[in-house]
Amino acid sequence: MKVLLIGVGGVGEAIAVIAQDKPWLQKMVLADYNLKRVKEVRAKLKDKRKFPAEPIDARDKRQIVDLAQKHQVDLIMNAVDPIFNEAIFDAAYTAGCTYMDMAMTLSKPHPTAPFSQTGVKLGDYQFERAAKWEKKGRLAVVGMGVEPGMADVFAKYAEKHLFDEIEEVGIRDGANLEVRGYAFAPNFSVGTVIEECLNPPVVWEADRGWYTTEPFSGQEVFDFPDGIGPVEVVNVEHEEVLLIPRWVKCKRVTFKYGLGDQFIGVLKTLKMLGLDNKEPINVKGVKVAPRDVVAACLPDPAHLGDRMFGKTCAGTWVKGVKDGKPRQVYLYQVADNEWCMKKFGVQAVVWQTAVSPVITMELLATGQWQGKGVLGPEAFDPDPFMKLMPDYDFPWGLKEM
């Protein structure tokens, strides 16, 4: 398989590191607007001939198409901020390549009732074009990271093997990670953090469809495994709620994330001051997006690994009935930052996000996963994915609740 990897930030670097020794990978083009960063990542890889470096503007559809055709790639892997998704998604269609991302096209809140009704939902842009992709026999795999991604595969696995009826699928994410030396340091893309945490969270119910609620609502304490323990989690906008109901029969889907009071307080302050705004404003004659200023003031998540300590857990809680009896399970994956740094040289959050798309690349390359149109992770058979997880040092666990 030949891959055009657009974006070599923290997750992009981890994708290259994980994929580099795999026999199915023929070439992975490392493309980013920051060529210095591309060369930094390439220097860490063993066989540099497999990883040509290219500058790219992810907003430029023509440039993406030309680069894909220059290297005759099979798949375009989108590893940049979702603000660029539409251009990359459309470029993949034009180039005739399989497309994959880890976060779907962005939402827009309802103009008059943002905390009760959906406006433009995550992924709407892509699903509106699904018929066109299917007609051409092309495949776009959307939301294929860890959450969304692995968590969606877990939901499908639960439906296939663990339940006769599912009442609720709830993605639950928590950690005991700390970043030493910084008062505030998100361990993932700042733009993504602001987008998903400050937008109205989405909930799905079978008799109501998709609807929204207040940010940071629905507080509950969830007991995470492997020594992480009880963490307060809250509603956050996330792709699983938009994906799982399309392919998994259930009555309710939610997503809750452990943010912590300090983190929520900072995000609320950014919102109050307008610093979450992604639209450029005039500052003494210079056009600049407030969100970009915030990002520039914070440390790069790709370079936080040696300051991070603890574990992060991503997983899927499922409640339902099996053999006439009530059942609740939590399917999960835990990443320890110290182990990730020692084994792969990348921090835990970006490593955990990167493994699933690489597993998916193998499944596509070997023909174990096939399809056409715009498909989420739960549209495929979960068994080949789950079988490969241990081979990627990515073991999963199951906890009866």
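First, a word on what this report is: a plain description of the structure on this page. (Residues numbered from 1 in each chain as written. Predicted model: local features only at pLDDT ≥ 70, side-chain atom pairs only at ≥ 80, totals over all residues. Heavy atoms only, no water.)

**Description of helix α2 (residues 35–42)**
All of the buried residues along α2 are Arg37, Val38 and Val41. Taken around the axis of α2, the buried residues stretch over an arc of 105°, which confines them to a single face. Along α2, the residues that are exposed and aim more than 90 degrees away from the buried face are Lys36 and Lys39. Lining the buried residues of α2 we find α1 (10–19), β2 (27–32) and β3 (53–55). (Buried < 20%, exposed > 50% of the residue type's maximum accessible area, 1.4 Å probe, protein only. Helix = DSSP H or I, 4+ residues; strand = E, 2+ residues; numbered from the N terminus. Arc of directions from axis to C-beta. Contact = heavy atoms within 4.5 Å.)

**Re the sheet that holds strand β1 (residues 2–6)**
Here seven strands make up an open sheet; going across it, the order is β3-β2-β1-β4-β5-β6-β19 and the pairing parallel. One side of each edge strand has no neighbouring strand; the edge strands of this open sheet are β3 and β19 (373–375). Taken pair by pair, the neighbouring strands of this sheet meet at an average axis angle of 20°, ignoring direction. Of the strand pairs in this sheet, β2 and β3 are connected by three bridges, and their pairing is parallel. The partner of Ala31 across the bridge, within β3, is Glu54. (Pairing = 2+ DSSP bridges. Axes fitted to C-alpha atoms, helices over the stretch in contact; angles between N-to-C directions.)

**Brief notes about the pairing of strand β17 (residues 311–322)**
In terms of strand pairing, strand β7 (residues 165–175) meets β17 through ten bridges, oriented antiparallel. Its bridge partner being in β17, Gly170 is matched across the sheet by Trp317. Relative to strand β18 (residues 325–336), β17 is paired through twelve bridges, and the arrangement is antiparallel. Directly across from Trp317, in β18, lies its bridge partner Tyr330. Hairpin connection, β17 to β18: the antiparallel pair is bridged by two residues, and Asp323 has positive phi, about 55°.

**Structural notes on the pairing of β1**
Among the five residues that make up β1, five are buried, leaving the element largely enclosed by the rest of the structure. Here β1 shows no split at all, with Lys2, Leu4 and Ile6 on one side and Val3 and Leu5 on the other all buried. Here β1 pairs with β2 via five bridges, running parallel. In the sheet register, Val3 faces β2, and the bridge partner there is Met28. Note that the unit made of β1, α1 and β2 has a crossover that is right-handed. The sheet contact formed by β1 and strand β4 (residues 75–78) spans four bridges and is parallel. Opposite Ile6, over in β4, you have Asn78 as the bridge partner. (Right-handed = clockwise from strand over helix to strand, strands pointing away.)

**Quick look at the nonpolar core**
In a soluble, globular protein the nonpolar side chains are often hidden away together inside. Counting 122 residues, the largest nonpolar core has Leu4, Ile15, Met28, Leu30 and Ile76 as its most contacted members. No other element matches helix α13 (residues 348–365), which puts ten residues into this core. Setting aside residues up to four positions removed in sequence, Met28 forms contacts with Val3, Leu5, Ile15, Ala16, Ala19, Lys50, Phe51, Pro52 and Met361. The next biggest cluster of nonpolar side chains, apart from the first, holds ten residues, and it includes Ile228, Val233, Cys313 and Tyr330. (Core = buried A, V, L, I, M, F, W, Y, C linked by side-chain atoms within 4.5 Å.)

**Some words on the state of the cysteines**
Scanning the entire structure with this criterion turns up zero disulfides. Counting only cysteine sulfurs, Cys340 is the nearest neighbor of Cys313, a cysteine outside any disulfide, at a range of 13 Å. Here Cys340 falls in the buried class, since its relative accessible area comes to 0%. (Disulfide = S-S within 2.5 Å.)

**Digging into the pattern of salt bridges**
This model, assessed by the stated rule, comprises 23 salt bridges. Among the salt bridges present, the one from Lys256 reaches Glu220, with a minimum N-O distance of 2.9 Å. Linking Lys256 in strand β13 (residues 252–257) with Glu220 in strand β11 (residues 220–224), this pair joins segments that are 36 residues apart in sequence. (Salt bridge = Lys/Arg side-chain N within 4 Å of Asp/Glu carboxyl O.)

**Let's talk about the environment of Ala79**
Within the secondary structure layout, Ala79 lies in the loop between β4 and α4 (85–95). Taking C-alpha positions, Ala79 is 23 Å from Leu259, a pair spaced 180 residues apart along the chain. Discounting chain neighbours no more than four positions away, the residues touching Ala79 are Leu5, Ile6, Gly7, Gly12, Ile15 and Met102.

**Observations regarding unusual backbone geometry**
The step from Glu147 to Pro148 runs through a cis peptide bond, and the omega angle for that step is 0°. Tracing the chain through its elements places Pro148 in the loop between β6 (139–141) and α7 (150–162). Look at Asp226: it is not a glycine, yet its phi comes out positive at around 55°. Look at Asp226 and you get partly exposed, because its relative accessible area is 41%. The phi torsion at Asp323 lies on the positive side, around 55°, for a residue other than glycine. Note on placement: Asp323 falls in the loop between β17 and β18.

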